[in-house]
Amino acid sequence: MLKFTPILLALLYGYAMYRFSAWRTGRELDARSTELADPMLRVMTERLARALDLPRIRVHIYEIDPVNGLAAPDGRIFITRGFYRKFQQGDVTADELASVIAHELGHVALGHARRRMIDFSGQNALRTALALMLSRFLPGIGVMIANALTSLLAARLSRGDEYEADAYAAALLTKAGIGTAPQISLFQKLEKLTNARGGAAPAWLMSHPKTDDRIKAIEKLALNWQG
């Protein structure tokens, strides 16, 4: 029984982290967000809502500067103030911002938003358990190996989620009469919008797939649907 104690402790730690992370995330979003009330974007969200047979899709502005979208574990959709500012400045179109909203709706519909919170907690538990076990046999580097293995697993899971959410968004945008062109055009300007530098990390270590690969996947879907 004693040899399983580190694993049990790690699992308890993971559950505690999940509960705390969910509470902290909800509190942060409540304190720093307001509902989006832009007339042009409301037209876009209404089109998405009709395509989903929903009365309304609520989108919130998260008051932070980085350009990003977010699907909360409770199902709420957010775009950051920085992203909305790009729209106001004309760097992003209403159709392109609708593609972001559709992507985040995909994360919610496919269960990614809630699962990611659980995954985060589970990854911490796995990291702790691996570090405890490996450190017995590899003192000094056991923790480093545990961190590397867990990071690789997390990156692979996250990349899979992004492809699935992209596909969901492509289907929703097509059904709403918006099409996949805004989704692709946004990806093409994403590096400039986020001030990211290509080649910063290998694709298999990044939490998001390479932009070119995502564009190719969407183009393939659109081609198949046209056929």
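Scope of this entry: the structure provided in the associated data block. Remember, it's a predicted structure, so these values are computed and weren't measured experimentally. All chains use their own residue numbering, which begins from 1 and follows the written sequence. Local features in this predicted model are restricted to residues whose pLDDT is 70 or higher, and side-chain atom pairs enter the listing and the counts only when it is 80 or higher, whereas totals over whole chains, interfaces and linings include all residues. The side-chain quantities take in all heavy atoms of the structure and omit both hydrogens and water.

A word on the overall build of the chain
Here is step 1 of the chain: Only DSSP runs of H or I reaching four residues or more are called helices, and only runs of E reaching two or more are called strands; each is numbered from the N terminus. Helix and strand counts for the chain stand at eight helices and four strands.
Here is step 2 of the chain: When the helices and strands of the chain are read in sequence order from the N terminus, they spell out α-β-α-β-β-β-α-α-α-α-α-α.
Here is step 3 of the chain: Burial here depends on accessible area, computed with a 1.4 Å probe over protein chains only, as a share of the maximum for the residue type. Under 20% is buried, over 50% is exposed, and the range in between is partly exposed. Among the 227 residues that make up the chain, the fraction classed as buried is 39%.
Here is step 4 of the chain: Note on definitions: a residue-residue contact is assigned when non-hydrogen atoms from the two residues lie within 4.5 Å. Across the chain, every contact between residues at least 6 apart in sequence was considered, and the portion connecting residues at least 24 apart equals 69%.

Quick notes on unusual backbone geometry
A negative phi angle is the norm for most residues apart from glycine, just as the trans form is the norm for most peptide bonds.
Here is step 1 of the chain: One non-glycine residue with positive phi stands out, namely Asp53, at about 60°.
Here is step 2 of the chain: Inspection of the secondary structure puts Asp53 in the loop between α2 (39-51) and β2 (59-62).
Here is step 3 of the chain: What makes Asp53 exposed here is its relative accessible area of 67%.

Concerning α2
Here is step 1 of the chain: Take the residue count of a helix, subtract one, and multiply by 1.5 Å to get its expected span. The first and last C-alpha atoms of α2 sit 19 Å apart over 13 residues, in line with the 18 Å expected at 1.5 Å per residue.
Here is step 2 of the chain: If you check which residues of α2 are buried, you get Leu41, Met44, Thr45, Leu48, Ala49 and Ala51. Here the buried residues of α2 occupy an arc of 160° about the axis, which is enough to place them on one side. Turned more than 90 degrees away from the buried face of α2 sit Pro39 and Arg50, all of them exposed. This arc describes the spread of directions from the helix axis toward the C-beta atoms.

Examining the packing of aromatic side chains
Any pair of aromatic rings gets described here by the distance separating the centres and the angle formed by the planes.
Here is step 1 of the chain: Ring pairs shown here join Phe, Tyr and Trp side chains whose ring centres sit within 6.5 Å, with only the six-membered ring taken for Trp; geometry is labelled stacked below 30 degrees between planes, edge-to-face above 60, and tilted in between. This model, assessed by the stated rule, comprises two aromatic pairs.
Here is step 2 of the chain: Taking 6.4 Å as the distance between ring centres and 70° as the angle between the ring planes, the aromatic pair formed by Tyr62 and Phe78 counts as edge-to-face. You can see Tyr62 sitting in strand β2 and its partner Phe78 sitting in strand β4 (residues 77-80), a full 16 residues away along the chain. Each member of the pair, Tyr62 together with Phe78, is buried.

A few points about the sheet that holds strand β1 (residues 33-35)
Here is step 1 of the chain: Sheet architecture is open: four strands sit in the order β1-β2-β4-β3, paired in mixed fashion. Of all strands in the sheet, those bounded by a partner on one side alone are β1 and β3 (69-71). Going across the sheet, the axis of each strand differs from the next one's by a mean of 30°, ignoring polarity.
Here is step 2 of the chain: Pairing between strands is defined by DSSP: at least two bridges between them are needed. Bridging between β2 and β4 involves four bridges; their strand directions are parallel. Within β4, the position partnered with Tyr62 by the bridge is Thr80.
Here is step 3 of the chain: Here helix α3 (residues 81-88) sits on the sheet in contact with β2, β3 and β4, set at roughly 65° to β4. Axes here refer to lines fitted to C-alpha atoms; in helices the fit is confined to the stretch in contact. Angles between the N-to-C directions go from 0 to 180 degrees.

Quick word on the environment of Leu221
Here is step 1 of the chain: Mapped onto the elements of the fold, Leu221 is located in helix α8 (residues 211-226).
Here is step 2 of the chain: Of the residues examined, Leu221 reaches a relative accessible area of 25% and is grouped as partly exposed.
Here is step 3 of the chain: Taking the C-alpha atoms as reference points, Leu221 and Ala171, 50 residues apart in sequence, are found 8.6 Å from one another.

Remarks on the pairing of β4
Here is step 1 of the chain: Because side chains alternate across β4, one face comprises the buried residues Ile77 and Ile79, and the other comprises Phe78 and Thr80, equally buried.
Here is step 2 of the chain: In this structure, β3 lies alongside β4, joined through three bridges in antiparallel fashion. Opposite Gly69, over in β4, you have Ile79 as the bridge partner.
Here is step 3 of the chain: Linking two consecutive strands that pair antiparallel, namely β3 and β4, is a turn of five residues; a positive phi of about 95° is found at Gly75 within it.

Structural notes on the nonpolar core
One broad rule of soluble globular proteins: the nonpolar side chains tend to lie buried together.
Here is step 1 of the chain: If you look at the biggest cluster of nonpolar residues, it comprises 32 residues, and the most contacted ones within it are Leu48, Ile79 and Leu97.
Here is step 2 of the chain: Those elements giving two or more residues to this core turn out to be α2, β2, β4, α3, α4 (94-109), α6 (142-175) and α7 (181-194).
Here is step 3 of the chain: In terms of residue count, the dominant contributor to this core is α4 (seven residues).
Here is step 4 of the chain: Residues in contact with Leu97, not counting those within four places in the same chain, are Leu41, Ile79, Phe83, Phe87 and Val92.
Here is step 5 of the chain: In terms of nonpolar packing, the next biggest core, distinct from the first, is built from five residues, Ala170, Ile184, Phe187 and Ile215 among them. The criterion is simple. A nonpolar core is a set of buried Ala, Val, Leu, Ile, Met, Phe, Trp, Tyr and Cys residues joined through side-chain atoms within 4.5 Å.

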